[in-house]
Amino acid sequence: VQLVESGGGLVQPGGSLRLSCAASGFTFSSYVMSWYRQAPGKVRELVATITSADGSTNYADFVKGRFTISRDNAKNTAYLQMNSLKPEDTAVYYCNVRFLIMDYWGKGTLVTVSS
């Protein structure tokens, strides 16, 4: 299993970024995909999840209405569209899949929201 995140960077408050997670090594379309984040000195926290079957989504309260998770099963890729970014969104963002009772993570992509 391999997960590779991309799309992070420096953005001003109020700006937008789109993160991508390229997946391989498993049948992508059959598994729930999630995005987590970890800010400096804080624990890793769940941001959003998208199911495999009907693409249902769930979001942490702190990103509802601002972030959108999606997936393209033909491209084996999950996305996180982040709008109205705030300085408190600054973190390393990780893609996650639970495959055969194990959690797999990418190396993460850094998002910095600052003026």
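Up top is the structure.
Residues numbered from 1 in each chain as written. Predicted model: local features only at pLDDT ≥ 70, side-chain atom pairs only at ≥ 80, totals over all residues. Heavy atoms only, no water.

A.B. asks: Hey, could you run me through the overall build of the protein in this one?
C.D. replies: Helix and strand content of the protein: 0 helices and 11 strands. Ordering the α and β elements of the protein from the N terminus gives β-β-β-β-β-β-β-β-β-β-β. The C-alpha radius of gyration computed for the protein amounts to 13 Å, which stays within 12% of the reference 13 Å derived for 115 residues, consistent with globular compactness. Dimensions of the protein, computed from C-alpha atoms along their principal axes, come out at roughly 40 × 25 × 25 Å. When each of the 115 residues of the protein is scored for burial, the buried share is 38%. Roughly 6,100 Å² of accessible area belongs to the protein as shown, and the carbon and sulfur atoms make up 50% of that amount. With 11 positive and 8 negative side-chain charges, the protein shows a spacing of 3 Å between the two charge centroids. (Helix = DSSP H or I, 4+ residues; strand = E, 2+ residues; numbered from the N terminus. Rg over C-alpha atoms; globule rule 2.2 N^0.38 Å. Buried < 20%, exposed > 50% of the residue type's maximum accessible area, 1.4 Å probe, protein only. Areas by Shrake-Rupley, 256 points an atom, 1.4 Å probe, with all protein chains shown as cover. Lys, Arg positive; Asp, Glu negative; His and termini not counted. Charge placed at Lys NZ, Arg CZ, Asp CG, Glu CD.)

A.B. asks: Honestly, unusual backbone geometry in this entry has me stumped. Any pointers?
C.D. replies: Among all residues except glycine, the phi angle is most often negative; among peptide bonds, the trans geometry is most common. Here the phi dihedral of Asn76 falls at roughly 55°; this positive angle occurs in a residue that is not glycine. Note on placement: Asn76 falls in the loop between β7 (67–72) and β8 (77–82). On the accessibility criterion, Asn76 (29% relative accessible area) is partly exposed. Backbone geometry places Ile101, a non-glycine residue, at a positive phi of 65°. In this fold, Ile101 is placed in the loop between β9 (91–99) and β10 (102–105).

A.B. asks: Help me understand the packing of aromatic side chains, please; the structure alone is not making it clear to me.
C.D. replies: Ring pairs (aromatic) are described by centroid distance and by the angle formed between their planes. Taken as a whole, this structure holds 7 aromatic pairs when the rule is applied. Here the aromatic rings of Phe26 and Tyr31 are separated by 5.7 Å at their centres, their planes lie at 80°, and the arrangement is edge-to-face. The exposure class of Tyr31 is partly exposed, given its relative accessible area of 22%. Between Tyr94 and Trp105 the ring centres are 6.4 Å apart and the planes differ by 90°, which places this aromatic pair in the edge-to-face class. Of the two residues, Tyr94 is situated in strand β9 and Trp105 in strand β10; the sequence distance between them amounts to 11 residues. Ring-pair connections join several aromatic residues into one group, and the members of that group are Phe26, Phe28, Tyr31, Phe99 and Tyr104. Above the plane of the ring of Tyr79 lies Arg18, whose end atom (NZ or CZ) is 3.9 Å from the centre. For the cation-ring pair, Arg44 lies above Trp105, with the distance from its terminal atom to the ring centre recorded as 4.5 Å. (Phe/Tyr/Trp six-rings, centres within 6.5 Å; stacked < 30°, edge-to-face > 60°. Lys NZ or Arg CZ within 6 Å of the ring centre and 35° of its normal.)

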